[in-house]
Amino acid sequence: MLNSISHVPEKLKVITIDGPAGSGKSTVARIVASKLGWIYVTTGAIYRTLALLFHEANIKDTDLENIERFISFISERYRQESSTGKVFIGEREITQEIKAPLVSELASILAQEDSVRKRLLPIQRKVVLNNHGAVVDGRDMGTVVFPDAPLKIFLTASAKERAERRWKELNQNGQKTDIKELLREIHERDERDLNRAIAPLKAAHDAISLDSTKSTQEEIAKAILQFAMQKDLVISQNEL
Ligand SMILES: Nc1ncnc2c1ncn2[C@@H]1O[C@H](COP(=O)(O)OP(=O)(O)OP(=O)(O)O)[C@@H](O)[C@H]1O
Ligand SMILES: Nc1ccn([C@H]2C[C@H](O)[C@@H](COP(=O)(O)O)O2)c(=O)n1
């Protein structure tokens, strides 16, 4: 494991990875964080958890009272296990439940609400700034949540490749889905994430764009670690 050093102020030891659904953000974020000895935070899981709470309470009305009620619950009881990527509400593990297509769709709908984004901002920042270094993935990490991050990555892949990856992932977890339906859902979520008025999915002006369509997660992670070294976020090449 690399011993990271701080050539940047402690509070800014953050690498952001933004990109569309299924581009491989969480996977490579976890590899990079592990190599650096940093934590990894996948902010999509926070939006997905909010969606799961709404879904399970069978609440269709995303009014402010419900949003505030569930977000304060998340603030007290939500946690991610950096090493495994497991997600918990209190002692209840919800890692697989939040990946269900219904939850994915509701998360992207809730993510359009300014009241949701405003209230999740401090939660995302608190998780990261309580640690000595973090790799964070989402849609607006480099543009809104951590605009001063020393290294920003914008990770893409073709919609077809992303649907195939999601199909394999759900299949491995015993969730049978139709690839054509997944492709439609990915296009729909892309549309929402790219075109919403608040914090749309887009590459920060100073982000490095990478396309993982024809690359393995290890190749992408290695490229990010090289950039981290160039930014003095790691000690030396021979430990990568
Ligand atoms: N470069 C890659 N090549 C092949 N498969 C990949 C690659 N990167 C990630 N995957 C696989 O694709 C699936 C989705 O990856 P991951 O969850 O990291 O994407 P994501 O961008 O975080 O998606 P979401 O935004 O929906 O959470 C996982 O099963 C992962 O193992
Ligand atoms: N920083 C973020 C993270 C996620 N979202 C929204 C957009 C996605 O549709 C949904 C689920 O995210 P995923 O797990 O697919 O990365 O949550 C967002 O708007 N901002």
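Just above, that's the structure.
Values in this document were obtained by computation on a predicted structure and should not be read as measured data. (Residues numbered from 1 in each chain as written. Chains lettered and ligands numbered in written order. Predicted model: local features only at pLDDT ≥ 70, side-chain atom pairs only at ≥ 80, totals over all residues. Heavy atoms only, no water.)

Novice: In this structure, what is going on with the pairing of strand β6 (residues 134-138)? I would like to understand it.
Specialist: It is a general feature of regular strands that their side chains alternate between the two faces of the sheet. The buried fraction of β6 amounts to five of the five residues, a majority that puts the element mostly inside the structure. In β6, alternate side chains face the same way, and those of Ala-134, Val-136 and Gly-138 on one face and Val-135 and Asp-137 on the other are all buried. Taken together, the five bridges between strand β1 (residues 14-18) and β6 define a ladder with parallel strand orientation. Of the residues in β6, the one forming a bridge with Val-14 is Ala-134. With four bridges connecting them, strand β2 (residues 39-42) and β6 associate as parallel partners. Across the sheet, Val-41 pairs through a bridge with Val-136, a residue of β6. (Buried < 20%, exposed > 50% of the residue type's maximum accessible area, 1.4 Å probe, protein only. Helix = DSSP H or I, 4+ residues; strand = E, 2+ residues; numbered from the N terminus. Pairing = 2+ DSSP bridges.)

Novice: Any chance you could explain the sheet that holds β6 here in plain terms?
Specialist: The strands that make up a sheet are held in pairs by hydrogen bonds between backbone atoms, and each pair lies either parallel or antiparallel. Spatial ordering of the open sheet is given by β2-β6-β1-β7-β8, a layout of five strands whose pairing is parallel. Here the strands that pair on one side only, and so sit at the sheet edges, are β2 and β8 (208-211). Taken pair by pair, the neighbouring strands of this sheet meet at an average axis angle of 20°, ignoring direction. Along the sheet, helix α1 (residues 25-36) makes contact with β1, β2, β6 and β7 (151-156), crossing β6 at roughly 175°. (Axes fitted to C-alpha atoms, helices over the stretch in contact; angles between N-to-C directions. Contact = heavy atoms within 4.5 Å.)

Novice: Got a minute to help me understand the site of ligand 1 in this structure?
Specialist: Of all residues adjacent to ligand 1, which total 18 residues, the nearest are Lys-25, Ser-26, Thr-27, Arg-166 and Ser-215. One of the backbone N or O atoms of Gly-24 is found 3.0 Å from an oxygen atom in ligand 1. One of the side-chain N or O atoms of Thr-27 is found 2.6 Å from an oxygen atom in ligand 1. Across the complex, the protein chains shield 83% of the 630 Å² of accessible surface that ligand 1 would expose by itself. Taken together, the residues of the shell around ligand 1 sort by class into two nonpolar, nine polar and seven charged. (Near = heavy atom within 4 Å. Polar contact = N/O pair within 3.5 Å; in protein donor to acceptor, adjacent residues only side chain to side chain. Areas by Shrake-Rupley, 256 points an atom, 1.4 Å probe, with all protein chains shown as cover. Nonpolar A, V, L, I, M, F, W, Y, C, P; charged D, E, K, R; others polar.)

Novice: Is there a simple way to think about the packing of aromatic side chains in this case?
Specialist: Where two aromatic rings form a pair, the distance of their centres and the angle of their planes describe that pair. Using the criterion set out here, one finds one aromatic pair in the structure. Between the aromatic rings of Phe-54 and Phe-70, the centroid separation amounts to 4.9 Å while the plane-to-plane angle is 70°, which identifies the pairing as edge-to-face. Of the two residues, Phe-54 sits in helix α2 (residues 44-56) while Phe-70 sits in helix α3 (residues 64-77), which places them 16 residues apart along the sequence. The exposure class assigned to Phe-54 is buried, which follows from its relative accessible area of 1%. Residue classification places Phe-70 among the buried positions, given a relative accessible area of 8%. The ring of Phe-88 has Arg-79 lying over it, and the distance from NZ or CZ to the ring centre is 4.1 Å. (Phe/Tyr/Trp six-rings, centres within 6.5 Å; stacked < 30°, edge-to-face > 60°. Lys NZ or Arg CZ within 6 Å of the ring centre and 35° of its normal.)

Novice: Even after reading the chapter, I still don't get the site of ligand 2, so can you show me in this structure?
Specialist: Around ligand 2 there are 16 residues in total, and Thr-43, Arg-48, Arg-117, Arg-139 and Arg-196 lie nearest to it. Here a nitrogen atom of ligand 2 and a side-chain polar atom of Thr-43 are 3.0 Å apart. Interatomic distance of 2.7 Å between a side-chain N/O atom of Arg-117 and an oxygen atom of ligand 2. Relative to its unbound accessible surface of 440 Å², ligand 2 loses 96% to contact with the protein. Looking at the shell around ligand 2, the elements that each hand over two or more residues are α2, α4 (101-110), α5 (114-129) and α8 (179-195). Split into classes, the residues belonging to the shell around ligand 2 amount to four nonpolar, five polar and seven charged.

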